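# Geometric and topological summary
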Amino acid sequence: MKKVALIVTNATGPLPSGPTGLFLPELAHPYFALVEGGYEPVLVSPLGGRAANDLRHIDQVLDDELVARFYEDAELMALIDDTKAPTEVDSSEYAAVVYIGGHGAPFDYRSSKTLNAFAERIYAQGGIVAGICHGVCGLIDLENDAGQPLVAGRRVTGFSNEEEGGLRDAMPYLLEDALVAQGAVFSRVQPWASNVEVDGRLISGQQHRSAAEFTRAVMTALSEGARKGH
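Below is a short write-up of the structure. (Residues numbered from 1 in each chain as written. Predicted model: local features only at pLDDT ≥ 70, side-chain atom pairs only at ≥ 80, totals over all residues. Heavy atoms only, no water.)

### Focus: the packing of aromatic side chains
Applied cut-off: Put simply, two rings from Phe, Tyr or Trp (the six-membered ring, in Trp's case) pair if the centres are within 6.5 Å, and we call them stacked under 30 degrees between planes, edge-to-face over 60, tilted for the rest. Helical segments are the DSSP runs of H or I of at least four residues, strand segments are the runs of E of at least two, and each set is numbered from the N terminus. For every residue, the accessible area (1.4 Å probe, protein chains only) is compared with the maximum for its type, and the residue is labelled buried under 20%, exposed over 50%, or partly exposed between those bounds. Working rule: Lys NZ or Arg CZ, within 6 Å of ring centre, within 35 degrees of ring normal, means a charge sits over the ring.
Under the defined criterion, the tally for this structure stands at 6 aromatic pairs. Relative to phenylalanine 70, the ring of phenylalanine 32 has its centre 6.0 Å away and its plane inclined at 75 degrees; by these criteria the two rings are edge-to-face. On the criterion of sequence distance, the pair formed by phenylalanine 32 in helix α1 (residues 24-36) and phenylalanine 70 in helix α2 (residues 65-71) is long-range, its members being 38 residues apart. Judged by relative accessible area, phenylalanine 32 falls into the buried class, the value being 6%. The exposure class of phenylalanine 70 is buried, given its relative accessible area of 0%. Ring centres of tyrosine 94 and phenylalanine 118 lie 5.6 Å apart, and the angle between their planes is 80 degrees; on these two criteria the pair is classed as edge-to-face. Here tyrosine 94 is found in strand β3 (residues 94-99), whereas its partner phenylalanine 118 is found in helix α5 (residues 113-124), with 24 residues between them in sequence. Each member of the pair, tyrosine 94 as well as phenylalanine 118, carries the same accessibility label: buried. Positioned over the ring face of phenylalanine 32 is arginine 69, at 3.9 Å from the centre of the ring. For the cation-ring pair, arginine 201 lies above tyrosine 123, with the distance from its terminal atom to the ring centre recorded as 4.0 Å.

Here is the structure:
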């Protein structure tokens, strides 16, 4: 069984509205799709151990069947408290790395050299690198084999400056601006509409409203890679 790393944040902010972390819709959708597709999802975080889980707005997303299914399963929720560090996983066993969003992600994804190296190895061996919402922060500093930014010249989306709204000043940087600075061709649609970009083995989703479409794109890419023998 091939494994897929689901990257989750250890960071809790700070934000003016309180502690943050990962956002469950962006984890639940790919998790269940991977299991049903015959893959083993493994939660990985920059530091390992307990990830940060932002449940401030959980009541607003429990109408999503997959979110409710994950949230109400104690064993699944316990996975968030016991993640692997990048140094504890073997990249050769993984078909993809998927960066999960949440407002915690901008605070620790880019700064983890071991996480960056893990994702770069997966991409170099023919695997998929994907991110949704603030999870796309994990793609910003990744490099290709030539030492150039992986996102340079590539169509990429993520949480836009407009969607960041009143939290702009609380963030360490704005995702859209950081991607453009690395040479990415940033794609956005109107705030809170679904938007997914697939540029080869680089896949990105704009925000949690893109979770279902984003997950389908990742699963399609995994299927195509399996047929090609990657």
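Don't stop here, the text continues.
### Some words on the sheet that holds strand β2 (residues 40-44)
Working definition: the strands of a sheet are paired by backbone hydrogen bonds and lie parallel or antiparallel to each other. Note the following rule: DSSP-based pairing: two strands are paired if at least 2 bridges between them are found. For helices, the axis comes from a line fit to the C-alpha atoms of the stretch in contact; other axes are also lines fit to C-alpha atoms, and the angle between any two N-to-C directions lies between 0 and 180 degrees. Note on contacts: a residue pair is in contact if any heavy atoms of the two residues lie within 4.5 Å.
Reading across the sheet, the 6 strands line up as β2-β1-β3-β4-β8-β7 and stay open at both edges, with mixed pairing between neighbours. Only two strands of the sheet have a single partner each, and these edge strands are β2 and β7 (196-199). Ignoring which end each strand starts from, the neighbouring axes of this sheet average 15 degrees apart. Where α5 meets the sheet, it contacts β1 (3-7), β3 and β4 (128-132), and its direction lies at approximately 135 degrees from that of β3.

### Points about the environment of proline 149
With respect to the helices, strands and loops of the structure, proline 149 is situated in the loop between β4 and β5 (155-156). Residue classification places proline 149 among the partly exposed positions, given a relative accessible area of 21%. A sequence separation of 34 residues divides proline 149 from glycine 183, and the C-alpha atoms of the two residues are 7.8 Å apart. When sequence neighbours within four positions are dropped, the list of residues in contact with proline 149 reads Leu142, Glu143, Asn144 and Gln182.

### Observations concerning the side chain of histidine 29
Structurally, the position occupied by histidine 29 is in helix α1. Residue classification places histidine 29 among the buried residues on the basis of a relative accessible area of 11%. With residues up to four places along the chain from it excluded, the contact list for histidine 29 reads Asp64, Leu66, Ala211, Ala212 and Thr215.

### Notes on the nonpolar core
Let me state the cut-off plainly: For this analysis, a nonpolar core means a set of buried residues of the types Ala, Val, Leu, Ile, Met, Phe, Trp, Tyr and Cys, connected via side-chain atoms within 4.5 Å.
Judged by nonpolar contacts, the single largest core of 71 residues is most densely connected at Leu27, Phe70, Tyr99 and Leu222. Setting aside residues no more than four positions away along its own chain, leucine 27 makes contact with Leu6, Val8, Leu22, Leu43, Phe70, Ile80 and Ile100.

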